[in-house]
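Structural description and commentary
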Amino acid sequence: MLSMVMSAQSPLTRRECCITIHSRSKMNWFINIIIFQVLLGQVLSDLLCLSSDECSCKHHVYKDEIQMECGLSTVEANLMESIIKIECNSDKIHWEQHFDQINIKDLHYANCLLSDTGIYQTISTLGINKVQNMKLVSMRLNGSLENGYLSNLESVKTLDISLTKLILTNESFKGTPYLTKLYLRHNYIEEIPSGVFKSLTFLEILDLGDNKITKINSDLFYGIPLKGLNLDSNYLTTLDLNIQSLKHLDVANNQITFITVGNLSKLVDISLNKNVLVTMPNQTFENTSLESIRFSYGNFTTLPHRFLTNLDRLLYIYLRSLNLEKVPENMIWNSSNIIELSLASNRLNELPAMFFRDAGKMKLLDLSKNQIKNINYELLRPLIKLETLDLSNNLIVQINNFGLRYLRNLKYLNLERNKIINFEREALNVPKLTTLKLSHNKISSLISNYSFSLHYLDEIETIDLSNNFINCIDPGWLNLIKLNNINLASNNITILRIQDIQYINEIVRTNLNNNPLEIIDLSNLEIFARAQSPPHNFWNNRRINLSSDKFICDCRNYEFARFLHNQMPKIVYKYLQIEQKLICNDGLRTEFSNVNMESLTCDWEIFDDEDKTDCSECECTYRPHDKSALMNCSNKNLTLAPEIIISSKNINYTELNLRNNYITKLPNYENLNIKKLNIGYNNLNTINITQLPKNLMELHMEHNNLTMISETNFNNTLPNINIITMNSNSWICDCDAKNTINFIHKYSSKIFDLANITCYQSSTLLYTLTVEEVCLERLNTATIIIVSMFLAIFSLVLGLLWILYNNYKTKIKIWLYSHNITWPISEESLDQDKKYDAFISFSHKDEELVAKHLVPGLEGGNSPFKLCLHYRDWVVGDWIPAQIARSVDESRRTIIVLSQHFLDSVWGRTEFRTAYSSALNERRSRIIVILYGDMSTKDLDPELKAYLSMNTYIKWGDSWFWEKLRYALPHRPETKNKIRTKIIVPDKLNPILLT
């Protein structure tokens, strides 16, 4: 079942109908619907799209289209274009629906089986009255194309049958007597019956191409007013036609060896391409009206004399790829109206001198792909109106003076793919030339006799010089004021300067791709950009394409890097636009656009400066990013540091790298403009800070044999220093290291490796040490011996008393003190100048114990104590180690709240060492240890562990805790409580580590 939509037109109204084919059982129902639609058609102009259970209908209102689908078959109706397309895709189609008779301009059938009753019966059943143009594609017939298939189609003017296996008979087209155009391409036709076209007395165009025809009878078209005949792509071997009306003949792609056109008096153009013709008679076309001949792809090595002479209507000649080795001098004589001649893709090495004698009107000459070596200006002399000349793919070596002098109207010249080395000065004196193609030659210079070879080309717009050997851009380009496109790709240009670009005046596009570009110097680009005319004349369309894999990625291209990174003024980018893909010649194929500008340096020798000093022994470079000099003396096995450092008035500073040598001492660099000094990995055992450069910003002295810094005054040294590294040296940590420690404390925020600087053969960090700690009093050996002997004798006298007393002394003293009985030995005279009774050292994590228990318990009561607390009594901003030392020194006792938190604190251990050092100096027991919480003895500092093994301590929670603690503190008379201002300072147990 198949549904269709047709368009119908009447003198009164335009009715749009939806055609649906249904089974006989529903015929009456559909007829009623159609009658109802016709009645409404006077009021409504919309299409009516009917559907059934077996067919669907899609209505495209805006396109005025309806598409019906019934299984595999479809019908599309376009009412605006008056076209119906039927695609069957099935042989079981029964046409039954009747409609009002309508006229259709185009009817397309595809994939249908033609019934014996013919096409007319089918379209009549569907309600189609007249069809002007009919196209049948991939049809199926039962046998040959008999008269019945195309009968009663008098209205058809154009018939196109393709992709259908046709067997023609003399009766095939009797039903279409008014055909004017008949297309029968690609239908596997083998034979043409002698009378098959006799009934087509109006036929003008016949296309029998792409079939299997082997023979055409000379009288086959007798009596037919045929004007165009297409017989291409068949198997014809000879051709002799008698068609007086024929104007257009195409017999390309056959096997023709002989052809006669004497009876084709009105023949205008002929195509003989791809045949096997080897010769023709003289003046083959003398009795024709020939205007165009196309004869290409054959083996027609020699043309007959006067081949195309005396053809005053001849305009176009295309004789390509025929293996022609020569042409007769008189081939086109007396054919004076020729406009275009192509002899391309032959084997010609020259043309006769008088060949163009009568070709004064020729505008296009194509001699490409031959073997021509010279341009004879006398040969071209008659071509005064020639506009296009193609001599590409020949063997031309040189264009001599005046070679093209007579071509005063030439606009397009193609000399690509020759062997041209240069031009003589007057060779291209062609004033109207707009396009010049010279690619794939051997041109290395455009200079001839000290003059620019292209200077006559006042009207030139496009020049293609790609794939030559040009190595520079000549200033002569400046005179080519209309030039807007130049191709210099694939040449030998290595350096491009802004001066070169300005000579290419107002070019829209310049192609410099695939040159071995090494340097692009844009150092004066800003000057050129600012010197341009006001914005309305500004060269904002200048665009250059660059690519190279030989690019030098150093400071010579620094200005170009600035351009790529948009670090130039905006006016520059209005002056010039660059598209580039430049690859560094570093072996890594790094793209220059990805290179860090700071890494672009040059050898010191390249740096152009008369004031610069010489560089010896080391590798010296210049870095334009910050205008600095880099002197790299690393890995040179030097034992002495260089005393002469590179410098110049035009650089900002010098970087000196002496890394990884055997240098033991530095010379005096105090007055040199060195901002970065690297002396790491050497054998330095001492360094004089005052002899370092005054403006030094970076100092690297790690991995040497340095033991100490000897200077004592650092007030005016290294005022601009930002980075210091000094790890992995032999730093001593005794009293001789006090200057080293002072240096570290002063520049701690600048020392990058602060946490890695340790004492020699120790893990002790230097920044945790204080001068007081490392400078304990050195006891004289003799004094120690005398004291030891005295103590030995004294101990013998008091030994027994001491043993007895020692067993009970603590309890006795505590009991006496708790009952306000003053101890016989008073400390008041010794400690009368000390500010505090006790300094409490604790971890901030144990602050609750101190604040809620110890402080209230000791500062209250009848005998209050004056305590020093870091969060209350320290001065904001002072150096922490100094405040620790001061707190210990101003306190009569130091109370250590010993806990696991305390052991984990660097500053806690520092406070213990300070207190312990003070006690040793004064030979008095001033440390009170309170054990708080559980802790691991393995975590104890060796000094603390030793102290606890030899001294008593108090444990928090002991029933006698407060009595023992008050007894251990200084014995003072009862005082009143004082209210002190609380000073908040940074937690000393949690310092900020400097990196």
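Values in this document were obtained by computation on a predicted structure and should not be read as measured data.

**Observations concerning the overall build of the protein**
Scanning the protein for helices and strands turns up 17 helices and 46 strands. Expressed as a percentage of its 995 residues, the buried residues of the protein come to 47%. Sequence separation of 24 or more characterises 55% of the internal contacts of the protein that already satisfy a separation of 6 or more. For the protein, the accessible area works out to roughly 49700 Å², and carbon and sulfur atoms hold 49% of it.

**Remarks on a positive patch on the surface**
A cluster of like positive charges, contributed by Lys361, Lys363, Lys385, Lys411 and Lys432, occupies part of the molecular surface. Relative to the elements of secondary structure, Lys385 occurs in the loop between helix 3 (377-380) and strand 21 (388-390). Residue Lys385 is classed as partly exposed on the basis of its relative accessible area of 44%.

**Some words on the packing of helix 11 (residues 847-859) against helix 17 (residues 961-968)**
Close contact between helix 11 and helix 17 brings their axes to 12 Å; oriented N to C, the two are set at 60°. Between helix 11 and helix 17, the angle falls in the class oblique. The two elements helix 11 and helix 17 cross, and the hand of that crossing is right-handed. On helix 17, the residues that touch His853, Leu854, Gly857 and Leu858 of helix 11 are Phe961, Trp962, Leu965 and Arg966. Partitioned by chemical class, the residues of the contact of helix 11 with helix 17 number 5 nonpolar, 2 polar and 1 charged.

**With respect to the pairing of strand 42 (residues 836-841)**
Most of strand 42 sits inside the fold, with 6 of its 6 residues counted as buried. One ladder, built from 5 bridges, connects strand 42 with strand 44 (residues 891-898); its direction is parallel. Opposite Tyr836, over in strand 44, you have Ser891 as the bridge partner. Of the strand pairs in this sheet, strand 42 and strand 43 (residues 867-868) are connected by 2 bridges, and their pairing is parallel.

**Description of unusual backbone geometry**
Positive phi, normally seen in glycine, also occurs at Asn111, with a value near 60°. Following the sequence through the fold, Asn111 ends up in the loop between strand 7 (102-110) and helix 2 (119-125). One non-glycine residue, Ser138, lies in positive phi territory at about 55°. Mapping Ser138 onto the fold places it in the loop between strand 8 (128-137) and strand 9 (158-162). Owing to a relative accessible area of 23%, Ser138 belongs among the partly exposed residues under this scheme.

**Brief notes about the state of the cysteines**
Going through the model one piece at a time under the given rule, you end up with 6 disulfides. Two residues share a disulfide in this structure: Cys618 and Cys633, whose sulfurs sit 1.9 Å from each other. Because the torsion about its S-S bond is 105°, the bridge between Cys618 and Cys633 counts as right-handed. Here Cys618, found in the loop between strand 35 (602-603) and strand 36 (619-623), pairs with Cys633, found in the loop between strand 37 (628-632) and strand 38 (653-657); they are 15 residues apart in sequence, far enough to count as distant. In terms of burial, Cys618 and Cys633 fall into one category: buried.

**What about the pairing of strand 44?**
In terms of burial, strand 44 is largely enclosed, as 8 of its 8 residues are buried. The pairing of strand 44 with strand 45 (residues 927-931) spans 5 bridges and is classified as parallel. Looking at strand 45, one finds that Leu898 is bridged to Leu931.

**Concerning the sheet that holds strand 36**
One open sheet holds the 7 strands; their spatial order is 35-36-37-38-39-40-41, and the pairing between them is mixed. Looking at strand neighbours, the two that pair on one side only are strand 35 and strand 41 (723-725), the edges of this open sheet. The pairing of strand 37 with strand 38 spans 5 bridges and is parallel. Each residue of the ladder has a partner; that of Met631, found in strand 38, is Leu656.

**Quick word on the nonpolar core**
The biggest cluster of nonpolar side chains holds 160 residues, and the ones touching the most others in it are Phe173, Phe197, Phe221, Phe285, Ile332, Phe356 and Trp477. In this structure Phe356 touches Ile332, Leu341, Leu351, Met362, Leu365, Leu379, Leu380, Pro382 and Leu383, once residues within four positions along its chain are discounted. With 50 residues, the next largest nonpolar core counts Ala641, Ile709, Met726 and Ile757 among its residues.

**A word on the confidence of the model for the protein**
Averaged over every residue, the pLDDT of the protein is 82; residues scoring 70 or more account for 84%. The low-confidence segment residues 1-48 (pLDDT under 50) makes 118 contacts with residues lying over four places distant or belonging to another chain. In this model, residues 535-539 is a region of pLDDT below 50 whose contacts with residues beyond four sequence positions or in other chains number 12 contacts.

**A look at helix 17**
The complete set of buried residues in helix 17 reads Phe961, Leu965 and Tyr967. Taken down its axis, helix 17 places every buried residue within 165° of arc, on the same side.

**Section: the environment of Thr952**
Relative to the assigned elements, Thr952 resides in the loop between helix 16 (942-950) and strand 46 (954-955). Note: C-alpha distance between Thr952 and Ile930 (22 residues apart in sequence) is 9.8 Å.

**Considerations on helix 11**
The sharpest bend along helix 11 reaches about 25° and sits at His853, with the proline Pro856 one to four residues further on. Buried-residue contacts for helix 11 involve strand 42, strand 43, helix 12 (870-873), strand 44, strand 45 and helix 17. Looking one or two places after helix 11, you find Gly861, whose phi comes out positive at around 85°.

**Concerning the sheet that holds strand 46**
Across the sheet, which stays open at both edges, the 5 strands sit in the order 43-42-44-45-46 with parallel pairing between neighbours. Both outer strands of the open sheet, strand 43 and strand 46, are each paired with one neighbouring strand and no more. Pairing between strand 45 and strand 46: 2 bridges, direction parallel. When the sheet's bridge partners are listed, Ile930 is paired in strand 46 with Ile954.

Calculation rules
- Residues numbered from 1 in each chain as written.
- Predicted model: local features only at pLDDT ≥ 70, side-chain atom pairs only at ≥ 80, totals over all residues.
- Heavy atoms only, no water.
- Helix = DSSP H or I, 4+ residues; strand = E, 2+ residues; numbered from the N terminus.
- Buried < 20%, exposed > 50% of the residue type's maximum accessible area, 1.4 Å probe, protein only.
- Contact = heavy atoms within 4.5 Å.
- Areas by Shrake-Rupley, 256 points an atom, 1.4 Å probe, with all protein chains shown as cover.
- Patch = residues over 30% accessible without salt bridge, like charges linked within 9 Å, V, L, I, M, F, W, Y side chains within 5 Å.
- Salt bridge = Lys/Arg side-chain N within 4 Å of Asp/Glu carboxyl O.
- Lys, Arg positive; Asp, Glu negative; His and termini not counted.
- Charge placed at Lys NZ, Arg CZ, Asp CG, Glu CD.
- Axes fitted to C-alpha atoms, helices over the stretch in contact; angles between N-to-C directions.
- Parallel < 35°, antiparallel > 145°, perpendicular 65-115°, else oblique.
- Left-handed = near helix turned anticlockwise from the far one by under 90°.
- Nonpolar A, V, L, I, M, F, W, Y, C, P; charged D, E, K, R; others polar.
- Pairing = 2+ DSSP bridges.
- Disulfide = S-S within 2.5 Å.
- Core = buried A, V, L, I, M, F, W, Y, C linked by side-chain atoms within 4.5 Å.
- pLDDT = per-residue confidence, 0-100.
- Arc of directions from axis to C-beta.
- Bend = angle between axes of the 7 residues up to and from the residue.

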